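# Remarks on the overall topology
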Amino acid sequence: SSQEVLTMGVRGWLESLTQYDSPKYIRMQSVTFGCAKCFLYITVALSVCCIVITYRLYQETDEVISSVRTNVKGVAYINDRIWDTAEYTLAMQAVNSFFVMTNIIKTENQLEQRCPEYPFGKAICSSDESCEKGLVYIHSHGIQTGRCVNYNATVKTCEVRAWCPVESMENPPEPAVLRSSENFTVLIKNNIHFPKFNYTILNVPSNLNTSCTYNKVTSPLCPIFRLGDMLQEAKENFSEVAVKGAIIAIEINWDCNLDRWFYDCTPKYGFRRLDHRKINPGFHFRYARYYKLPNGKEQRTLFKVHGIRFDVLVFGTGRRFNGIELIKNIGSMISYFGLAATAIEIAICLGSCSSGSKSPFYKIYNRKKYETLLNPRQVMCVSYVDEPHVTLIKKPLKTSLQHAQGSTFESHPVKFCDADSCCTSESNENHDNAEYELGQPLRQGASSLDCQNWCCCGKCQPTEKYHEQLCCRRKKGQCITTSHYFQQLVLSSHTLKKALLYKDPFLNLTDANINNQLRHLAYKQYVHWRFGSFDLEDRAVIPSCCRWKIRDTYPKAGNNYTGFKME
């Protein structure tokens, strides 16, 4: 019933709480493989230690949180004009960025009115029909009025309503207007915080020398940077970059070891160019300054400025020793030791393949390492006295069990010892009603001619059942029941009674059912002798001659035997 199934499940679960399963290992006495194992284990252990130390897997980590402030300094005198910070440093909307102007194209005195468009491909015209009123091209400076007018003495363009005169589309001047800005300096203040460790630090030393300038070798911690030096570190030429501008990354890397005994938390600076050198290089934008004329009209000066945008990128990791992290990482790497066993297994496999699996060593190794578990409902095991191995035969049978083809099974032979030690395995099954019982008494009326078709020893009882037609021999010869060892190991009453008393010292040997116990024990003796293990007890088939010899020696009342294996 379902209640019984539930009870059995709960009982099995409770029993599992008091049990421990340990893996089974095979120990090989081999100098070669033993030395290989030691070498591989030492190699793996050293590798694990190196990985733990190199990657600092004994520390827990935290990502950096930072803020950046910049202050650019420098003055230039160009074209009879002073350029100071307010002139060449323009506010940027990007976070942690600053911009330094290096080149400029200025269009002065622009008024909102009608004027010729700058001559580019689609703006050039020959008549008013070429200019569509209200049309705006992607490169237009204004809205077309529908008229074609003279831009100069040789070129006509469509008239536009825009800020006139329109901006020229010529290239920025070379050399750059503010090429001397490479001598400007910038102070970068970077505060960082590691929230997991509640630790904050600033990149500006407490004893900062304000006259210092960053140098990778002589002053690696100075937070004051010369613009020309930064581009040189990025492998760029400042004079060339200044013409069209660029985007330069200032990388600040904080790799902090916050352990007291190995404390180190200083920034490392790096520089590289972010925009592409060949595909649309440079950086520029436009802005205007507006003025009010006496007549009330608005006038402006348009600036197209090229320059260098510096993006300050801060990243880093804080580390501090943590025993749990160390145990967790070492635990995950213990599995690497399994690589040693895998390598040895591969070597054994390759050696077995190269020797054609004929070496006795590899045969023994495979037999010890792999144990085949078969379903007793699907196979039967038979053993012939004239063959050294056990044969597995699959069901259902299409011919006699004696003539059925099967596969060789390497059993686990044991040294036969006293019956009292060999027969201590108990079975709770009623072998008189075993799994292979026929349900009816065995028939004894078959002709001797049928018996001779499969019997090779001349002692088997005739039967019409395929699964009972099994002899002790594969070829013609003497029956095993006539041997001295069969008499002593299987049929000896003294030996069997001694084994029964070993299990139950108070057993009454004069009981009427003592023959049943002796017969069952004799079956087990035969299986242990011929099959080498009690593990095959449920699959082993006892030959007809041996089975009937045991039955004749220890008969059952009424001779109503119902099983063909071990009833």
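Because the structure is a prediction, the values reported are computed rather than measured. (Residues numbered from 1 in each chain as written. Predicted model: local features only at pLDDT ≥ 70, side-chain atom pairs only at ≥ 80, totals over all residues. Heavy atoms only, no water.)

Turning next to the overall build of the chain. Check the secondary structure of the chain and you find 14 helices and 18 strands. Of all 567 residues assigned to the chain, the portion counted as buried reaches 40%. Relative to all contacts within the chain whose residues are 6 or more apart in sequence, the contacts with residues 24 or more apart total 67%. With an accessible surface of roughly 33,500 Å², the chain has 53% of that area assigned to carbon and sulfur atoms. (Helix = DSSP H or I, 4+ residues; strand = E, 2+ residues; numbered from the N terminus. Buried < 20%, exposed > 50% of the residue type's maximum accessible area, 1.4 Å probe, protein only. Contact = heavy atoms within 4.5 Å. Areas by Shrake-Rupley, 256 points an atom, 1.4 Å probe, with all protein chains shown as cover.)

Let's shift gears to unusual backbone geometry. Comment: phi is negative for the bulk of residues other than glycine, and the bulk of peptide bonds are trans. The step from Cys164 to Pro165 runs through a cis peptide bond, and the omega angle for that step is -5°. Among the structural elements, Pro165 can be located in the loop between β8 (156-164) and β9 (185-194). The omega torsion across Glu174 and Pro175 is -5°, close enough to zero to call that bond cis. By secondary structure assignment, the location of Pro175 is in the loop between β8 and β9. One non-glycine residue, Arg56, lies in positive phi territory at about 50°. Mapped onto the fold, Arg56 is located in the loop between α2 (31-54) and β1 (59-63).

With 89% of its residues at a pLDDT of 70 or more, the chain shows a mean pLDDT of 85. Confidence over residues 412-450 falls short of pLDDT 50; this stretch has 76 contacts with residues more than four positions distant or in other chains. (pLDDT = per-residue confidence, 0-100.)

This structure, assessed with the given rule, holds 19 aromatic pairs. Relative to Phe303, the ring of Tyr287 has its centre 5.0 Å away and its plane inclined at 20°; by these criteria the two rings are stacked. Separated by 16 residues along the polypeptide, Tyr287 in strand β14 (residues 284-292) and Phe303 in strand β15 (residues 298-321) bring together distant segments of the chain. An aromatic cluster is defined as three or more aromatic residues linked by ring pairs; in this entry it consists of Tyr214, Phe225, Tyr269 and Phe271. Geometry around Trp529 places Arg530 over its ring, the cationic atom sitting 5.6 Å from the centre. The aromatic ring of Trp548 is capped on one face by Arg551, whose charged end is 4.5 Å from the ring centroid. (Phe/Tyr/Trp six-rings, centres within 6.5 Å; stacked < 30°, edge-to-face > 60°. Lys NZ or Arg CZ within 6 Å of the ring centre and 35° of its normal.)

The geometry of helix α7 (residues 338-354) relative to helix α8 (residues 360-369) is characterised by a closest axis approach of 11 Å and an angle of 130° between their N-to-C directions. In terms of orientation, α7 and α8 fall into the oblique class. Handedness of the α7/α8 crossing: left-handed. Facing Glu345, Ile348, Gly351 and Ser352 of α7, the residues of α8 in contact are Tyr362, Tyr365 and Lys369. Its residues assigned to classes, the contact of α7 with α8 comprises three nonpolar, two polar and two charged. (Axes fitted to C-alpha atoms, helices over the stretch in contact; angles between N-to-C directions. Parallel < 35°, antiparallel > 145°, perpendicular 65-115°, else oblique. Left-handed = near helix turned anticlockwise from the far one by under 90°. Nonpolar A, V, L, I, M, F, W, Y, C, P; charged D, E, K, R; others polar.)

It is at 11 Å that the axes of α2 and helix α6 (residues 323-333) come closest, and there the two elements cross at 145°. Judged by the twist between their axes, the crossing of α2 over α6 is right-handed. Along its contact with α2, which presents Val48, Ile51 and Val52, the element α6 presents Leu326, Ile330 and Met333. Here the contact of α2 with α6 is built from residues that sort into six nonpolar, no polar and no charged.

The next thing to look at is the state of the cysteines. Summed over the entire model, instances satisfying the criterion amount to five disulfides. The residue that forms a disulfide with Cys125 is Cys148, at a sulfur-sulfur distance of 2.0 Å. Because the sign of the S-S torsion sets the handedness, a value of about 95° for the bond joining Cys125 and Cys148 places this disulfide among the right-handed ones. In this pair, Cys125 is assigned in the loop between β6 (97-116) and β7 (143-150) and Cys148 in strand β7, connecting sequence segments 23 residues apart. The pair Cys125 / Cys148 is uniform in exposure class, with both members buried. Here Cys256 pairs with Cys265 through a disulfide, and the sulfurs are 2.0 Å apart. Negative torsions about the S-S bond denote left-handed disulfides, and the value of about 60° found for Cys256 with Cys265 makes this one right-handed. (Disulfide = S-S within 2.5 Å.)

Ordered by their spatial adjacency, three strands build an open sheet running β16-β17-β18, and the pairing between neighbours is antiparallel. The open sheet has two edge strands, β16 (379-383) and β18 (407-409), and neither has a second partner. When strand polarity is set aside, the average angle formed by the axes of neighbouring strands in this sheet is 40°. Sheet topology note: the strand β17 (residues 390-394)/β18 ladder contains three bridges and is antiparallel. Within the sheet, the bridge partner assigned to Val390 lies in β18 and is Phe409. (Pairing = 2+ DSSP bridges.)

Let us now look at the nonpolar core. The biggest cluster of nonpolar side chains holds 51 residues, and the ones touching the most others in it are Met101 and Phe310. With seven residues, the single largest contributor to this core is strand β12 (residues 246-257). Discounting chain neighbours no more than four positions away, the residues touching Phe310 are Asn96, Ser97, Phe98, Val100, Leu227, Met230, Leu231, Ile248 and Ile250. (Core = buried A, V, L, I, M, F, W, Y, C linked by side-chain atoms within 4.5 Å.)

With the rule as written, the count across this model stands at 17 salt bridges. As a salt-bridge pair, Arg226 and Glu182 come within 3.9 Å of each other at their nearest N and O atoms. Linking Arg226 in strand β11 (residues 224-226) with Glu182 in the loop between β8 and β9, this pair joins segments that are 44 residues apart in sequence. Residue classification places Arg226 among the partly exposed residues on the basis of a relative accessible area of 22%. Residue Glu182 is classed as partly exposed on the basis of its relative accessible area, which comes to 25%. We note a salt bridge from Asp275 to Arg273, for which the minimum N-O separation is 2.9 Å. Residues joined in a network through salt bridges with shared partners are Glu236, Arg273, Asp275 and Arg277. (Salt bridge = Lys/Arg side-chain N within 4 Å of Asp/Glu carboxyl O.)

Take the pairing of β15 next. Burial within β15 is extensive, with 19 of its 24 residues counted as buried. Pairing of β6 with β15, which is carried by twelve bridges, proceeds in the antiparallel orientation. Considered in β15, the bridge of Thr107 is made with Leu302. Relative to β15, β12 runs parallel, the two sharing twelve bridges.

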